[in-house]
Amino acid sequence: DESVGRVYSHLEERGLANDTLFVYMGDNGFQFGEHGLIDKRTMYEPSIRVPMFATCPDLFQGGRAAEGMALGMDICPTMLEAAGAPIPKTVHGRSLLPLLRGNPQNWRKEFLYEYFWERDFPQTPTVLGLRTDQYSFMQYHGTWDIDELYDIQKDPDQMNNLLANFRTTTEMGRLFMRINDPEKKKLVTDLQNRLKAILNATGGLPEPKWRA
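One structure accompanies this document, and this report is about it. (Residues numbered from 1 in each chain as written. Predicted model: local features only at pLDDT ≥ 70, side-chain atom pairs only at ≥ 80, totals over all residues. Heavy atoms only, no water.)

What follows covers the overall build of the protein. Helices and strands together make up the secondary structure of the protein, namely 5 helices and 10 strands. Classification of the 212 residues of the protein by burial places 36% in the buried group. A separation threshold of at least 6 residues defines the contact pool for the protein, and within that pool the share at least 24 residues apart is 44%. (Helix = DSSP H or I, 4+ residues; strand = E, 2+ residues; numbered from the N terminus. Buried < 20%, exposed > 50% of the residue type's maximum accessible area, 1.4 Å probe, protein only. Contact = heavy atoms within 4.5 Å.)

For the rest of this paragraph, the subject is the packing of aromatic side chains. Centre-to-centre distance and the angle between the planes together describe a pair of aromatic rings. Under the definition given, this model contains 4 aromatic pairs. Ring centres of Phe-30 and Phe-32 lie 4.9 Å apart, and the angle between their planes is 45 degrees; this geometry places the pair in the tilted category. Take Phe-30: its relative accessible area is 31%, and that puts it in the partly exposed class. Taken together, a centroid distance of 6.4 Å and an interplanar angle of 65 degrees make the contact between Tyr-44 and Tyr-150 edge-to-face. Of this pair, Tyr-44 sits in the loop between β3 (38-39) and α2 (45-48) while Tyr-150 sits in strand β8 (residues 148-151); the two residues are 106 residues apart in sequence, bridging distant segments of the chain. Grouping residues by exposure puts Tyr-44 and Tyr-150 together as buried. (Phe/Tyr/Trp six-rings, centres within 6.5 Å; stacked < 30°, edge-to-face > 60°.)

Right, let's get into a nonpolar patch on the surface. A surface patch of nonpolar side chains, about 210 Å² in accessible area, is lined by Met-25, Val-50 and Met-52. Locating Val-50 in the fold gives a position in the loop between α2 and β4 (52-55). (Patch = residues over 30% accessible without salt bridge, like charges linked within 9 Å, V, L, I, M, F, W, Y side chains within 5 Å. Areas by Shrake-Rupley, 256 points an atom, 1.4 Å probe, with all protein chains shown as cover. Salt bridge = Lys/Arg side-chain N within 4 Å of Asp/Glu carboxyl O.)

Next up, the structure:
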């Protein structure tokens, strides 16, 4: 923290603070007992959320940014746009300047979450998930367990798994379900299809082929 303060003080002393995009953020989220867990290798909100603030008076006013999903991969294109440099097509993220200026257009409504099993952390299986502006949907691979679905707007602490009463398992990327509630089944099917679409588009499937 002291080193960051010295850097910012140096910018102020040189008269560069107003036109320098200064971004301060954490490395990753972390759990300290939430859901009875510790560490960062889950899709729960305390794990995936990262605090961040940015300042550059010449580019945007202070205050809270507009509502929108900001991802770590957005930092690179944000810096490039602020510097007036072209953003390569290979960059997956989007510049956050529209959010910081309060006028995002056609902003993302969802993002893919991926965690692949690591030998050093055997307690956490591979997780493929979809986080939308309302739902957090998690599919587990490599273990027979109950998948998870939370309504983030109604249940921000993720305490009520909407799939807890149904035995749902994942095998080779296909979700086998016994859900009798038509609305809930439609919701899960829609989330799964949107997840599959992103995985197919990015080549991120953990198996050679997704079963239809």
